[in-house]
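# Survey of secondary and tertiary structure
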Amino acid sequence: MESLKIQDFKTFMESQAIQQFTNRNSSNTPSSQSLFQDMLSELISGDTLDGTSQRLGSLLSTVETEATSILQSRNAAMTPVTPVPTRVETSESGTNYDEIISQAATLYKLPEKLIKSVIKQESNFDPKAVSYAGASGLMQLMPATAKSLGVDDRTDPEQNIMGGSKYLSQMMARYDGDIQLALAAYNAGPGNVDKYNGIPPFKETRNYVQSVYGTFLS
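Conventions used here
Residues numbered from 1 in each chain as written. Predicted model: local features only at pLDDT ≥ 70, side-chain atom pairs only at ≥ 80, totals over all residues. Heavy atoms only, no water. Helix = DSSP H or I, 4+ residues; strand = E, 2+ residues; numbered from the N terminus. Buried < 20%, exposed > 50% of the residue type's maximum accessible area, 1.4 Å probe, protein only. Contact = heavy atoms within 4.5 Å. Areas by Shrake-Rupley, 256 points an atom, 1.4 Å probe, with all protein chains shown as cover. Polar contact = N/O pair within 3.5 Å; in protein donor to acceptor, adjacent residues only side chain to side chain. Axes fitted to C-alpha atoms, helices over the stretch in contact; angles between N-to-C directions. Parallel < 35°, antiparallel > 145°, perpendicular 65-115°, else oblique. Left-handed = near helix turned anticlockwise from the far one by under 90°. Nonpolar A, V, L, I, M, F, W, Y, C, P; charged D, E, K, R; others polar. Salt bridge = Lys/Arg side-chain N within 4 Å of Asp/Glu carboxyl O. Core = buried A, V, L, I, M, F, W, Y, C linked by side-chain atoms within 4.5 Å. Expected span 1.5 Å × (residues − 1).

If you tally the helices and strands in the chain, you get ten helices and zero strands. Beginning at the N terminus, the succession of helices and strands in the chain can be written as α-α-α-α-α-α-α-α-α-α. In the chain, which comprises 218 residues, the proportion classed as buried is 35%. Residue pairs in contact within the chain that sit at least 24 positions apart in sequence constitute 45% of those at least 6 positions apart. Only carbon and sulfur atoms are counted for the fraction: they give 52% of the accessible area of the chain, which is about 13,300 Å².

This is the structure in structure tokens:
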């Protein structure tokens, strides 16, 4: 009789653990609490031997272990899997300007990679970039240069790329398609290129030409 009561009590405790998991935001109902108290009282009153407390403690420990195992297995089965976000391929900037660059390349007869190489060097594809000299935007246009090219908003990617590509195209035409001279003129101005009859001996300009041209050839 005693073993039957203990088994009934154990089964009831496991049932309660599962119910608590299913209704984790709700407390036990009055009826389940009353049933629990009745079973516990009956178990204790029906077992008056000296080993009651030891057996009851062992029983509770066993039920707690099994209930924990049940909850863990249920939790693992019901935990939603967080989907991995799909990686979107973009240009080097982290923002896709490929369509604008392609249009500019077609309109001004420039290699797309050359435009991208200039943007990479000038602003690292940041449309809000501003230099210490006051040049701004993706292709770092100075206010006067932007105005002459019809660029009203230098921070607007489309206007900036179109204006910068137009200016680069003018330099390419001026120096008969010589990319390095065109890049030198883009950086230091055509006046300095004409003055020194080639790439000016400015460290910044020489590094600029080397870096952009190297990216273009890579």
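Still more ground to cover, so stick around.
As for its placement among the helices and strands, Ser123 is situated in helix H5 (residues 112-123). In terms of polar contacts, Ser123 uses its side chain to reach the backbone carbonyl oxygen of Leu138, at 2.7 Å.

So, about the packing of helix H4 (residues 98-108) against H5. Contact geometry for H4 and H5: axes closest at 9 Å, N-to-C directions at 120°. Put simply, H4 runs oblique to H5. Between H4 and H5 the crossing geometry is right-handed. Taking contact as the criterion, the partners of Asp98, Ile101, Ser102, Ala104 and Ala105 in H4 are, on H5, Glu112, Ile115, Lys116 and Ile119. Here the contact of H4 with H5 is built from residues that sort into five nonpolar, one polar and three charged.

Before going further, it helps to examine the pattern of salt bridges. This structure, assessed with the given rule, holds two salt bridges. When the shortest N-O distance is used, the salt bridge between Lys116 and Asp98 registers 3.3 Å. Highlighted residues: Lys116 in helix H5 and Asp98 in helix H4, separated in sequence by 18 residues. Of the residues examined, Asp98 reaches a relative accessible area of 27% and is grouped as partly exposed.

This paragraph deals with the nonpolar core. Burial of nonpolar side chains together is a common tendency in soluble globular proteins. Ile115, Val118, Ile119, Ile161, Leu183 and Tyr186 are the most contacted members of the largest nonpolar core, which has 37 residues in total. Looking at this core, the elements that each hand over two or more residues are H4, H5, helix H7 (157-174), helix H8 (179-188) and helix H10 (203-217).

Take H7 next. Counting along an α-helix, one turn takes 3.6 residues, and residues three or four places apart therefore face a common direction. Its 18 residues give H7 an end-to-end C-alpha distance of 25 Å, which sits within 8% of 26 Å, the value for a rise of 1.5 Å per residue. Buried residues of H7: Asn160, Ile161, Met162, Gly163, Gly164, Ser165, Tyr167, Leu168, Ser169, Met171 and Met172, and no others. Where H7 terminates, the next one or two residues include Asp176, which has phi positive at roughly 55°.

A rise of 1.5 Å per residue sets the reference length of H5, with its twelve residues, at 16 Å; its end C-alpha atoms lie 16 Å apart and thus fit the reference within 8%. Where H5 is buried, its residues touch H4, H7, H8 and H10. At the exit of H5 stands Asn124, carrying a positive phi of roughly 55°.

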